[in-house]
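Residue strings, one per chain:
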Amino acid sequence: MYEPKTGIAMAHRTIEALRAGSRVIIGCSPGRPGRPKFQQVIKELLPNAEADFFEVYGRTCSGPRNDLICGDGSSSVSSVPKPLKVALMDIGPEERNC
């Protein structure tokens with residue numbers, strides 16, 4: 001969710017997938033600017049759903065990465081993989097009261 005517009009678009013696609021009966025799992029790296037807008041739209045469209053991110057530990061990426069994805073100072077890339085907190089949201093079709 002690199003930009004707020006991305007978060008909004010992803011929220012609408014999440015609702016579309018839920019309406020089709022799918023389970024949706026979203027992963028989001030720390031500090032992504034689109035996450036607040038994503039959460040806002042989800043809460044507006046699914047006011048009764050349990051749709052919250054929870055933190056888990058993943059691993060950093062290693063190897064070449066595009067600067068657009070992992071620019072200078074990125075916490076999600078390292079020469080040797082190491083633990084990294086990431087946020088996950090798991091929404092099942094039973095939450096689709098939309």
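See the structure shown above.
All residue numbers refer to positions counted from 1 along the written sequence of the respective chain. Local features are withheld for residues below a pLDDT of 70 in this predicted model, meaning they are given only at 70 or higher, and side-chain atom pairs are given and counted only at 80 or more; totals for whole chains, interfaces and linings count all residues. No hydrogens and no water enter the side-chain calculation; it runs on all heavy atoms of the structure.

**Q** Can you help me understand helix α1 (residues 4–19) in this one?
**A** In an α-helix there are 3.6 residues to a turn, and that puts residues three or four apart on one side. Only runs of H or I of at least four residues qualify as helices and only runs of E of at least two qualify as strands under DSSP, and these elements are numbered from the N terminus. The span expected for a helix works out to 1.5 Å for each residue beyond the first. Its 16 residues place the ends of α1 23 Å apart at the C-alpha level, agreeing with the 22 Å of an ideal helix rising 1.5 Å per residue. For every residue, the accessible area obtained with a 1.4 Å probe (protein chains only) is divided by the maximum for its type, and the residue is called buried under 20%, exposed over 50%, and partly exposed between those limits. Residues of α1 that are buried include every one of Gly 7, Ala 11, Thr 14, Ile 15 and Leu 18, and no others. All buried residues of α1 project into a common sector of 95° when viewed along the axis, lining one side. Exposed positions of α1 whose direction lies more than 90 degrees from the buried face are Lys 5, Arg 13 and Arg 19. In the segment just after α1, Gly 21 is the residue with positive phi, at about 95°. The directions considered for the arc are those from the helix axis to the C-beta atoms.

**Q** When you look at the pairing of strand β3 (residues 83–91) in this model, what are you seeing that I'm missing?
**A** If a strand is regular, its side chains alternate between the two faces of the sheet. Strand pairing is assigned whenever DSSP identifies at least 2 bridges connecting the two strands. Sheet topology places strand β1 (residues 24–28) next to β3; five bridges connect them, and they run antiparallel. Bridge pairing in β3 links Cys 28 to Ala 87. Two elements, strand β2 (residues 54–59) and β3, share six bridges in a ladder whose sense is antiparallel. Considered in β3, the bridge of Glu 55 is made with Ala 87.

**Q** When you look at the nonpolar core in this model, what are you seeing that I'm missing?
**A** One broad trend across soluble globular proteins is that nonpolar side chains are buried collectively. Residue types Ala, Val, Leu, Ile, Met, Phe, Trp, Tyr and Cys, when buried and joined through side-chain atoms within 4.5 Å, form a set referred to as a nonpolar core. Ile 26, Phe 38, Ile 42, Phe 53 and Met 89 are the most contacted members of the largest nonpolar core, which has 17 residues in total. Counting only elements with at least two residues in this core, the list comes to α1, β1, α2 (35–45) and β3. Other than its neighbours up to four places away in sequence, Met 89 contacts Val 24, Ile 25, Ile 26, Phe 38, Ala 51, Asp 52, Phe 53 and Phe 54. Contacts: residue pairs with any heavy atoms within 4.5 Å of one another.

Functional significance is not addressed by these values, which are geometric in nature.
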